Amino acid sequence: MDLLGVLHFDQLAHGLANLSMFPYFDMAHYIVSVMALREQPGVLQVSRVSPLACWFSSMLFCFGGAVLSGIMLAEPPVAPLSNSTSVLLASVIWYLVFYCPMDLVYGYASLLPLRLVLSGMKEVTRTWKVLGGVTQAHSKYKDGLLVMIAIGWARGAGGGLISNFEQLVRGVWKPETNELLKMSYPTKITLIGAVLFALQQTHYLPLQKHHLMFVYTVFIVVNKSRMMLTGSSTSPFATIESALYKTLFTGYSPYAALTSEVKSACIDSGAINKTTSSAATTTKESSETGQPGQPGQQAPISPVEGQRGSLEAKEESQNAATTDCKKTN
Amino acid sequence: MDLLGVLHFDQLAHGLANLSMFPYFDMAHYIVSVMALREQPGVLQVSRVSPLACWFSSMLFCFGGAVLSGIMLAEPPVAPLSNSTSVLLASVIWYLVFYCPMDLVYGYASLLPLRLVLSGMKEVTRTWKVLGGVTQAHSKYKDGLLVMIAIGWARGAGGGLISNFEQLVRGVWKPETNELLKMSYPTKITLIGAVLFALQQTHYLPLQKHHLMFVYTVFIVVNKSRMMLTGSSTSPFATIESALYKTLFTGYSPYAALTSEVKSACIDSGAINKTTSSAATTTKESSETGQPGQPGQQAPISPVEGQRGSLEAKEESQNAATTDCKKTN
Amino acid sequence: MDLLGVLHFDQLAHGLANLSMFPYFDMAHYIVSVMALREQPGVLQVSRVSPLACWFSSMLFCFGGAVLSGIMLAEPPVAPLSNSTSVLLASVIWYLVFYCPMDLVYGYASLLPLRLVLSGMKEVTRTWKVLGGVTQAHSKYKDGLLVMIAIGWARGAGGGLISNFEQLVRGVWKPETNELLKMSYPTKITLIGAVLFALQQTHYLPLQKHHLMFVYTVFIVVNKSRMMLTGSSTSPFATIESALYKTLFTGYSPYAALTSEVKSACIDSGAINKTTSSAATTTKESSETGQPGQPGQQAPISPVEGQRGSLEAKEESQNAATTDCKKTN
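Going by an unreviewed UniProt entry, chain A carries the name Transmembrane protein 38B and comes from Amphilophus citrinellus. Among the UniProt annotations of chain A, the heading Subunit (unreviewed entry) holds the following wording: "Homotrimer; conformation seems to be controled by binding to diacylglycerol (DAG)." The UniProt entry for chain A carries this comment under Catalytic activity (unreviewed entry): "K(+)(in) = K(+)(out)".

An account of the packing of helix α9 (residues 145-161) of chain B against helix α11 (residues 185-201) of chain B is requested, with residue identities and associated values reported.
Residues and elements named next belong to chain B. Where α9 meets α11, the axes come as close as 8 Å, and the angle between the chain directions of the two elements is 150 degrees. Viewed along their axes, α9 and α11 adopt a mutual orientation that is roughly antiparallel. As for how α9 packs across α11, the hand of that crossing is right-handed. Here L145, M148, I149, G152, W153, G156, A157 and L161 of α9 lie close against α11, whose contacting residues are T187, T190, L191, A194, V195, A198, L199 and Q201.

Account for the pattern of salt bridges, naming residues and giving values.
Across all of its chains, the model carries 18 salt bridges over all chains by this definition. The shortest N-O distance in the salt bridge between E123 of chain B and R126 of chain B comes to 3.1 Å. Taken together, the residues span about one helical turn, with E123 of chain B and R126 of chain B both in helix α8 (residues 112-140) at a distance of three residues. Judged on exposure class, the residue E123 of chain B and its partner R126 of chain B are both buried. One salt bridge in this structure joins D103 of chain C and R38 of chain C, with 3.0 Å as the shortest N-O distance. Of this pair, D103 of chain C sits in the loop between α6 (84-99) and α7 (104-109) while R38 of chain C is found in helix α2 (residues 24-38), placing the two residues 65 residues apart along the sequence.

Before we move on, can you summarise the packing of aromatic side chains with the specific residues and values?
Per the counting criterion, the structure on display carries 45 aromatic pairs over all chains. Considering the side-chain rings of Y95 of chain A and Y99 of chain A, the 5.5 Å spacing of their centres and the 40 degrees angle between planes classify their relative orientation as tilted. Separated by four residues within a single helix, Y95 of chain A and Y99 of chain A lie in helix α6 (residues 84-99), roughly one turn from each other. The exposure class assigned to Y95 of chain A is partly exposed, which follows from its relative accessible area of 25%. Residues Y30 of chain C and F63 of chain C carry aromatic rings whose centres are separated by 5.5 Å and whose planes lie at 55 degrees to one another, so their mutual orientation is tilted. Residue Y30 of chain C is located in helix α2, and its partner F63 of chain C is located in helix α4 (residues 51-72); the two are separated by 33 residues in the primary sequence.

So what's going on with helix α9 (residues 145-161) of chain C? Which residues, and what values?
In an α-helix, one full turn covers 3.6 residues, which means residues spaced three or four apart are oriented alike. Residues and elements named next belong to chain C. Its 17 residues give α9 an end-to-end C-alpha distance of only 20 Å, which falls more than 12% under 24 Å, the value for a rise of 1.5 Å per residue. Of all the bends in α9, the largest measures some 60 degrees and sits at R155. The buried fraction of α9 amounts to 14 of the 17 residues, a majority that puts the element mostly inside the structure.

Report on the UniProt feature "transmembrane region" (unreviewed entry) in chain A, specifying residues and quantitative values.
Residues and elements named next belong to chain A. Feature annotation in UniProt places "transmembrane region" (unreviewed entry) on residues 12-32, 52-73 and 93-118, given in this structure's numbering. A helix fraction of 95% and a strand fraction of 0% characterise residues 52-73, whose end C-alpha atoms lie 28 Å from each other. Between the end C-alpha atoms of residues 93-118 there is a gap of 13 Å, over a span that is 77% helix and 0% strand.

So, unusual backbone geometry: which residues are in play, and what are the values?
Residue P23 of chain B is reached from F22 of chain B by a cis peptide bond, and omega for that bond is 0 degrees. Structurally, the position occupied by P23 of chain B is in the loop between α1 (2-17) and α2 (24-38). The phi dihedral of M102 of chain A is positive, around 70 degrees, even though this residue is not glycine. By the secondary structure assignment, M102 of chain A is in the loop between α6 and α7 (104-109).

Account for the nonpolar core, with residues named and values stated.
Ranked by internal contacts, the top residues of the largest apolar core, which has 215 residues, are W94, F98 and F197 of chain A, F98 and F197 of chain B together with F98 and F197 of chain C. Judged by nonpolar contacts, the second largest core, of six residues, contains L168 and W173 of chain B together with L168 and W173 of chain C.

What counts, and at which threshold
- Residues numbered from 1 in each chain as written.
- Chains lettered and ligands numbered in written order.
- Predicted model: local features only at pLDDT ≥ 70, side-chain atom pairs only at ≥ 80, totals over all residues.
- Heavy atoms only, no water.
- UniProt positions renumbered as here; feature names shortened; annotations may be inferred.
- Axes fitted to C-alpha atoms, helices over the stretch in contact; angles between N-to-C directions.
- Helix = DSSP H or I, 4+ residues; strand = E, 2+ residues; numbered from the N terminus.
- Parallel < 35°, antiparallel > 145°, perpendicular 65-115°, else oblique.
- Left-handed = near helix turned anticlockwise from the far one by under 90°.
- Contact = heavy atoms within 4.5 Å.
- Salt bridge = Lys/Arg side-chain N within 4 Å of Asp/Glu carboxyl O.
- Buried < 20%, exposed > 50% of the residue type's maximum accessible area, 1.4 Å probe, protein only.
- Phe/Tyr/Trp six-rings, centres within 6.5 Å; stacked < 30°, edge-to-face > 60°.
- Expected span 1.5 Å × (residues − 1).
- Bend = angle between axes of the 7 residues up to and from the residue.
- Core = buried A, V, L, I, M, F, W, Y, C linked by side-chain atoms within 4.5 Å.

As C-alpha cells, this is what we get:
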C-alpha cells in the first residue's frame, strides 16, 4: 500500500508538472491581480481620470515579475508586450473588472467561493513563474545560486517588489514602505520557493523537480485557502522567523533592547507619514481643533512623537562621533 | 490635373522622406528642448548651483527618447553619448541658452517668429524619431505590434515620459503628476503617430511609408503652429477623445456620476500637493493667519478639503469589505 | 641619480599595477562601505526591523558601481551576485559590522589608525574600479570618450550616484539631494580619475597606464588621509573649481547677482525639506508653541521663508511670459 501511495504521488506530480498554465490559470492570475489593484486605495479615481495609467498599472500587476526579471538579466523589459495573446487577455480582463456595465464581473468574482478558486489557481501559476525564473537564470549563470534565487524571486513576486514604481504610475508615492522593509506573505513564500527551486536546480536538494513542484504548489494553495477562509494573516513561518531573528540579529546589545520599541515606533510613524497631503491635512486639523480660544492650553505631545524624538536623540548621540558618513563613500 | 496633383504629392513626400535631420533639424530640436527645460520652474537656480545637473537634465530633454527606448529594448542607455557630434552640438546649445553673455541666445530664440520656425522644425524631427523607434522594434519583434507602438512612442515622447526622473536630477519630485495620468499634447500626438507607423509597418494600414510621413509631419507642424499662434491648448482630438471616453469607460454606474467631481478634486489636490515644502508652508501660514487671538473662531474647512474628505470616505466604505488587498498579490 | 629615480618610479608603478585587489583591498572596501552605511541616520533602526533591506542596502554600497555601470551598458545588473566569493565576503562583513556580539568589529574598525589604513586601502580599489569601467566601455565603444568617462565614473562612484535609490530601499526618500546637484569629494575625484583614464586610453594623454595608476592612486590615498587627519572637507580643487565656475557659468547677468543668495536659499530650503515627516512635525510644533493663548501675537515669518518667497516671485515673473513650457516638449 505504501508503494501504491508513492506511485500515486509520482503520477499526480507528473500530471501537475505537465499542466498548461495558458489559458485558464493565466486568466485566474490576471483576474486576481487586477482585482487586487482595484482594491488599492485611490485606484477607482485613477481608472476614471486616466484609463491609460490604470491599464499600465494593471499590466505591471500582471506582468511585473517578467518585467523585473527582464531588467535584472538585461533582457528587454518590453518582451511581455510581444506576447500579444497574453496582453490581449489581460487587457480584456482589466476592462471587464474596471468598466463592466453594472460592475458584474467584479461583483461575481468577489464572491468568496469563486475568489477562493481563482486565488488558488493564481497560486499555482506562482510555482511556474518561480521555476521559470530559476531556469532562465540557470541558463545564463551556471553556478550562480544567488542569481537564480534573485531571478526566481523577482519573477514570482515582481508585482510586489516593484510596487513603489507601480504606484508612481498612479501618482502615489510611499517611499517609507516597500517589500524589502516589510515583506508580505506572498513575497516571503515566493522567496522560500525560489531558494528551494534554486537548490533543486543545483542538486543541493535531493528531490526530483516535479515532486518539489507538487509539494510546493499544494503547500501554497492550501495555505492561501486557509488564510482566506480564516481571515488570519499570520505567516506559517512566524515562529521559525522569530527564532532565527533572535539568534542571528540581536548580537549587538546596547541597541537590541530598543528593538521592539523601534518596531512599534516605525509602524506608528509609517501610519503618520502615509501620504504627504494627508499628513499636512492632519496637522492642519490638529492645529484647528487645538485652537478654539482655550488660552494657556498646551497641546499634549503624542506618545508616538515623544518616543520618536527620544529615539532620534539616541541615534544622534551615537552618530555624533562619526559625522563624516558622506565623505567615506 | 488630378493626376498632376498626385504626382506633386508623391514628389513632395519623397523629398521630405529623404531630408536629413542632421544638423539643422536636430539643432532646432535641441534649442527648443533646452529652452523648454529653462522655462521649468526652479531650473535657473539649478543652472547656477550645479551646472552639471543642469547639463544632465538638458541631455535628458534632448536624448530622453533614445535613452528610454534603449532601456526598454535592453540596449545601452549610454549609447546616445557615443555619438559625440550630437552630444557636442546639444552641449554647446545648452551652454548658449543658459550662460550666454547678455542672454542673447535665449532672448532672440524666444521671439515669436523664430520660435515658431524652430518649433516647427522640432516637430519634423518627431516623425523621424517615431519612425526610427518603430523600425528598431520591428527588427527585434517581427509581429510585436504593441512593442512597436511602445518603442515608437517612447522614442518620440521620451523626454515627457521620463519627466519624473528628469526632475529628480534637478532635486524636484512631483509623484502626483506624470504623462500617463495626464497626457500633454505632444505625448498624445506621438502616441497616435506611433500607432499609425506601427500599423503601416505591419501592413494593416494600406499607405506608403513616405506618404504617411508627409501627412503626419504636415499635420503636427500645422497643428503646433496653430496652437502657438492662437495660444490655445485644446487638442484637436478633444471631441473624439470625449466620445470614446464616454462610450468605453463609464460602464460602471455607481461611481460614474462622481467622475467629473473626481476630476476637479484631483486637479485641486494636485495644486495643493505641488511640493511638500509648499504644502507645509501653506499649513503654517493658515495656522498663523487663523491664530491672532480670535477665540472661538473655527477656521473654515476649505471646499476642496471637504470634497476630498467625502470622496475618501466613499472610497473607504467601498474598500471596507476588501481589506486584504496586499495579501492577494 | 635622476635616472635611478625614474627607474625606481617605474618599478614601483609596475608593482602597484600588478597588485591584486582580492581579497585584502576588496575587504577594506567592504568594511569601509558598510561602516559608511551604518553611520547614515536611521540605518540602525532598519537593521533591526528588516535585516534583508539592510543587507540589500549594504550590497548596493559595496557593488553599486558594478550595478550602475551594468545598467548603463545593458549588461545584467545581477552580475555582481554571480561572483559568490565577493558576495559572501561582503555579507560576512555586513553581518559582523551590524550584528557582531558586543559590537566588537565596528568598535575596533572605528579606531582612527585602523580606519585610516582601511580608508586608504579602499581608495586604492577606486583606481582599479575606474580603470575597469573605462576599459569595459572602451571594448564596446572604441571612440566613445564620453561613454568611457561616464562608465568609469559610474563604476568608481556608483554607490554615491545611486544613493537616492539606495535610500529608497531603506524607506528614506530625499529627492532634493543628489550627487549631481551637490557633488561630494569622492564623486568629484572619481570623475577626474575617469576623465584622466579615458584620455589615457584614447592616447590623448601621453602617459603610460601604470604610471597614471600610480600617480592617481598616491594622490587619492594621500589626500584622503590628509582629510581624515585634519578633519577638513575642503576639496583640493576648490580654487580651480571656483575660477572655472566664475569664468564659464556667470555669463547671463540679470540673474547672476542672485547666485550667492540662491545658493544659501537652496541650502536652507534643503534643511527645511529634509523629510516630509520632520517638516510636518516642525509645523506642528511651531503651531503648538505659537498657540498658548497670546492673542494678537503674530508669529514672525522666518527670514528663509521670506527669501524663498521673494525668489519664487522673481522667478514666476520671469516665467509669466512662457507658461507653455509643458507644451513645447
